[in-house]
Amino acid sequence: MLLNPIPPGRLLFRAELQTRIAGIDKLRNVSFYSPAFQIWHRETEDLLVRMFGADSSPTEDFQAILFTPLFLSCRCGDTVFTEAYEKGLEEARYILVLCLKKLGEKGL
């Protein structure tokens, strides 16, 4: 018998966060405009809202990620889009890993 069992909701959030993080590697092969990315983004944002609330730092930080270039000019090539997308995915990974750590610390 466990003395301090982990609440089922906490296990579910942990598993969902891990799934969202693992999904980032699969998104490297698609673009910002792909349905796969759009679904992942929407579901990840919904998860953060359920876990921390709509006005929480994790949710707002995730919403603020730019997956496309902020500024464009006629001299921008496709690499600008690729770099912005990759950077956005890494920022998302960082935020989600922090959320996973926060989950362990606070015992949500």
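Structure first, text after, so check above.
Keep in mind that this is a model prediction, so the values were computed, not measured.

Novice: How would you summarise the side chain of His41 if you had to cite specific residues and measurements?
Specialist: With respect to the secondary-structure elements, His41 resides in helix α2 (residues 35–52). Taking relative accessible area as the criterion, His41 reaches 18% and is therefore assigned buried.

Novice: Got a sec to walk through the packing of aromatic side chains? Specific residues and values, please.
Specialist: By convention here, two paired aromatic rings are described through the distance between centres and the angle between planes. Inspection of every chain in the model, using the stated rule, returns eight aromatic pairs. A centroid spacing of 5.5 Å and a plane angle of 65° characterise the contact between Phe37 and Tyr85, whose relative ring orientation is edge-to-face. Placement of Phe37 in helix α2 and of Tyr85 in helix α4 (residues 78–106) is noted, with a sequence separation of 48 residues between them. Per residue, the accessibility class of Phe37 equals that of Tyr85, and both read buried. Taking the centre distance of 6.5 Å and the plane angle of 55° together, the rings of Phe67 and Tyr85 count as tilted. Of this pair, Phe67 sits in the loop between α3 (57–63) and α4 while Tyr85 sits in helix α4, placing them 18 residues apart in sequence. Of the two residues examined, Phe67 and Tyr85, each falls in the buried class. Ring pairing ties together the aromatic residues Phe32, Tyr33, Phe37, Trp40, Phe62, Phe67 and Tyr85, which thus form one cluster.

Reading the values: the criteria
- Residues numbered from 1 in each chain as written.
- Predicted model: local features only at pLDDT ≥ 70, side-chain atom pairs only at ≥ 80, totals over all residues.
- Heavy atoms only, no water.
- Helix = DSSP H or I, 4+ residues; strand = E, 2+ residues; numbered from the N terminus.
- Buried < 20%, exposed > 50% of the residue type's maximum accessible area, 1.4 Å probe, protein only.
- Phe/Tyr/Trp six-rings, centres within 6.5 Å; stacked < 30°, edge-to-face > 60°.

Such coordinate-based values are descriptive only and should not be taken to indicate function.
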